[in-house]
Amino acid sequence: MRNILIIAFLLLNSLFAVDITMSTAPVTDTNDTSIFLKKYKVFGGNLFNGSFSNSRQYKYNPEYRINIGDIIKIKFWGAYEAEIKVTVDTQGNIFIPKVGTIYVLGTKNEEISKIIKKSVENVYKKNVYVYANLDNYQPVSVFVTGNVNKPGLYEGLSSDSIIQFLDKAKGIRYEDGSFRNITILRDNQKLKEIDLYEFLLNGKLGFFQFKNGDVIFVDSIKNYVTVDGEVRRPYRFELKKSTITLAEISKLAIPNEIVTNVIVSRWTNDHKKIIKKLSLKDNPNYTIKSGDEIEFIPDYNSYTIEVNIEGEHQGSHKLVVAKGTTLQDVIDMIEFSPLSNKNAIQLFRKSVAKLQKQLIESQLRDLESMILTTGSATTEEAIIRKQESQLVLNFIQRAKKVEPKGRVYLNGKSDFKNIVLEDQDIVYIPKKSNIVTIQGEVKLPGAQTYVKDLKFDDYIKSVGGFNFRADKSNILIIRQNGKVFNYDLTSSFFSSELPEVKPGDSILVLGKPDTKNLQVTKDITQIIYQIAVGAAVVLRAF
């Protein structure tokens, strides 16, 4: 337990050079949608992030029909020269001095110059030329309702796209909103139906001219499947109908080249789960039903594997060896250099990294659930809890970005002949080092050359000593082979015997943790420990 706490305290204080400033944003801003997205990845989920809401679309559209409030710029040259801007009034007219009123309401954009020129020629018989252009579109107010995050009445331009109005409403509710069944209503009548998958997949988004009082209604999602595994798009996909073929869902998910099979999981009406394994090639017309979970997998027999050799050596960086080859077999093939540290060889494995990532994410979900559901007895406690919760949520977001390396610890007594390698394993050979690094809560963190006669205290003094945040009961020394030793300089045991420093060591001085919630401290400590072991990352919590 002491080892875990020591490593955790280091990680709480040492990853980022810049402290995270306490946020005053209320924890209640984390809505159901954000929690939902932590469990499911929704196809199109990154579409509504505010990128569209503040933009304006002044795109020329020849089919656009002139509306009340539009501004038209008109240029005259020849016998009569002028440049004016006119606004379409409530009766659909524009007024041009010396010409009079011209009715333009409903005229196509591409015909506006022709209409105005015809009226001008009734006054100026010849040598007067006209060019008209729509200078600004009519501002409109459009209702956005249904399964959106913030229903309401939003202002924009009549030429704005439906995506811009949906973005103003903070986007579609991913847990229950439909991307494929969106309706535009005018005077309580369906005017147009929108399928955003046409935009997401093909970039197609037809033009629509909004008017004041139009309603954008986002329906509920009715049919969907979830896709995972070896695909480029591991998402929840919405279906237009209750079934889809395996070939059709493959076009949406885009399986990787190595995929040969799919596993389809389905719940029946009597609450039983049925799992089928199918050949992707032989079952293109297999019917996938709404609610199915599909995993694309490679399923083949490999007789050789590829092993990566990294670090200090003189030979090949990739070896193709027979399946069943051991670590000792590969080490015998490596051409070491005079600088290779053969006593600190390390092994990294993808399957281990994946498992470490899953464990960390599971712990982060539990921590987040606890933070979001814990109540407060008083107003003062609620304020403190809100601030602390925001800090924890910030920590969770940073922790999710950490990618474990999948390191397999090689005990010095391990028999490398019994360690069978897997495909894409990495064998790393460290370089001999005569440097000692001192990091953490010291006044001048840095690196210096190893000197045999120097003691632990000497190295600490050489960097200016401990700073005010240093916790002398939590000192780590990490050997070049990755082995970790922890020391408590305040204990009676270590007061008489200071830790030994060797070439290549890293001395890490941990800081004193600054948190009062013991349960949160315990959970974060465990998470940070997992991150340190799995990713070699020192993560500061607050």
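Numbering of residues starts from 1 in every chain and runs along the sequence as written. pLDDT decides what is reported in this predicted model: residues at 70 or higher carry local features, side-chain atom pairs at 80 or more are listed and counted, and totals for whole chains, interfaces and linings draw on all residues regardless. Think of the side-chain values as coming from all heavy atoms in the structure, minus any hydrogens and water.

Caption draft 1: Main features of the overall build of the protein. Of the regular secondary structure elements, the protein holds 12 helices and 27 strands. Three exposure classes are used, based on accessible area relative to the maximum for each residue type with a 1.4 Å probe and protein chains only: buried under 20%, partly exposed in between, and exposed over 50%. Per-residue burial over the protein gives 42% buried out of 542 residues. Contacts in the protein between residues far apart in sequence, at least 24 positions, make up 66% of those at least 6 positions apart. Surface accessibility follows the Shrake-Rupley procedure with a 1.4 Å probe radius. Residue values consider only the protein chains on display as shielding. As presented, the protein carries roughly 29800 Å² of accessible surface, and 50% of it is formed by carbon and sulfur atoms. Helical segments are the DSSP runs of H or I of at least four residues, strand segments are the runs of E of at least two, and each set is numbered from the N terminus. Contacts were defined at the residue level, with two residues in contact if any of their heavy atoms lie within 4.5 Å.

Caption draft 2: Structural view of unusual backbone geometry. Even without being a glycine, Asn188 presents a positive backbone phi close to 65°. Turning to its location among the elements, Asn188 is positioned in the loop between β8 (177–186) and β9 (189–194). With a phi close to 70°, Gln424 is a non-glycine residue in the positive phi region. Tracing the sequence through the fold places Gln424 in the loop between β21 (407–408) and β22 (426–429). A relative accessible area of 24% places Gln424 in the partly exposed class.

Caption draft 3: Local environment of the sheet that holds strand β1 (residues 71–78). Judged by pairing direction, the sheet is antiparallel, and its three strands sit side by side in the order β2-β1-β5 without closing on themselves. Since the sheet does not close on itself, it has two edges, and those belong to β2 (82–87) and β5 (128–136), each with one partner. Across the sheet, the axes of successive neighbouring strands diverge by a mean angle of 20°, strand direction being ignored. Bridge count between β1 and β2: six bridges; the pairing is antiparallel. Bridge pairing links Lys73 to Lys85 in β2. Where helix α3 (residues 112–121) meets the sheet, it contacts β1 and β5, and its direction lies at approximately 140° from that of β5. One requirement defines pairing of two strands: DSSP has to find at least two bridges between them. Helix axes use the C-alpha atoms of the stretch in contact, all axes being lines fitted to C-alpha atoms, and the angles between their N-to-C directions lie in the range 0 to 180 degrees.

Caption draft 4: A look at the nonpolar core. The definition of a nonpolar core used throughout is a set of buried Ala, Val, Leu, Ile, Met, Phe, Trp, Tyr and Cys residues joined through side-chain atoms within 4.5 Å. Counting 45 residues, the largest nonpolar core has Leu166, Leu196, Ile249 and Phe296 as its most contacted members. Sorting the residues of this core by element identifies β6 (139–146), α4 (162–168), β8, β10 (215–220), β11 (224–229), α6 (246–253), β14 (261–267) and β17 (293–297) as the ones contributing at least two each. Residue contacts for Leu166: discarding those within four places in its chain leaves Phe48, Val144, Val148, Gly171, Ile182, Leu196, Ile216 and Val218. In terms of nonpolar packing, the next biggest core, distinct from the first, is built from 21 residues, Tyr64, Ile72, Val130 and Ala132 among them.

Caption draft 5: The sheet that holds β11, seen in detail. If you trace the five strands from one edge of the open sheet to the other, you get β12-β11-β17-β14-β15, paired in mixed fashion. If you trace the sheet from one side to the other, it starts and ends with β12 (236–238) and β15 (273–279), each paired once. Along the sheet, successive strands turn relative to each other by an average axial angle of 25°, direction set aside. Relative to β15, β14 runs antiparallel, the two being bridged by seven bridges. Note that in β15 the partner of Trp267 across the bridge is Lys273. Each of β11, β12, β14 and β17 touches α6; the most contacted strand, β17, lies at about 70° to it.

Caption draft 6: Representation of the confidence of the model for the protein in the model. For the protein, per-residue confidence averages 81 on the pLDDT scale, and residues scoring 70 or more make up 82% of the total. Residue-level confidence of the predictor is summarised by pLDDT, bounded by 0 at the bottom and 100 at the top. When the criterion is pLDDT under 50, residues 1–38 qualifies, and its contacts beyond four places in sequence or with other chains add up to 97 contacts.

Caption draft 7: Looking closely at a nonpolar patch on the surface. Two joining distances apply to patches: 9 Å for like charges and 5 Å for nonpolar side chains (Val, Leu, Ile, Met, Phe, Trp, Tyr), and every residue must have over 30% relative accessible area and no salt bridge. For this document, the term salt bridge refers to a Lys or Arg side-chain nitrogen within 4 Å of an Asp or Glu carboxyl oxygen. Side chains of Trp77, Tyr129 and Tyr131 sit close together on the surface and give an oily, nonpolar patch of about 340 Å² of accessible area. In this structure Trp77 comes out as partly exposed when scored by relative accessible area, which is 41%.

Caption draft 8: Geometry of the packing of helix α8 (residues 350–373) against helix α9 (residues 379–400). Put simply, α8 and α9 touch, their axes get as near as 10 Å, and they point 165° apart. The orientation of α8 relative to α9 falls into the category roughly antiparallel. The chirality of how α8 crosses α9 is left-handed. Within the contact between the two elements, α8 uses Lys357, Leu364, Leu367, Glu368, Ile371 and Leu372 and α9 uses Ser389, Val392, Leu393, Phe395, Ile396, Ala399 and Lys400. Each residue is assigned to one of three groups, with Ala, Val, Leu, Ile, Met, Phe, Trp, Tyr, Cys and Pro labelled nonpolar, Asp, Glu, Lys and Arg labelled charged, and all others, Gly among them, labelled polar. Class assignment of the residues belonging to the contact of α8 with α9 gives a composition of nine nonpolar, one polar and three charged. Should an angle fall under 35 degrees it is taken as roughly parallel, and over 145 as roughly antiparallel, whereas 65 to 115 is taken as roughly perpendicular and any remaining angle as oblique. In this scheme the handedness of a crossing depends on how the near helix is turned from the far one: anticlockwise by less than a right angle means left-handed, clockwise means right-handed.

Caption draft 9: Examining α9 more closely. What a helix is expected to span follows from its residue count: subtract one and scale by 1.5 Å. Between its first and last C-alpha atoms α9 spans 31 Å; for 22 residues at 1.5 Å apiece the expected length is 32 Å, and the two agree. Along α9, the positions that sit buried rather than exposed are Arg385, Glu388, Ser389, Gln390, Leu391, Val392, Leu393, Phe395, Ile396, Arg398 and Ala399.

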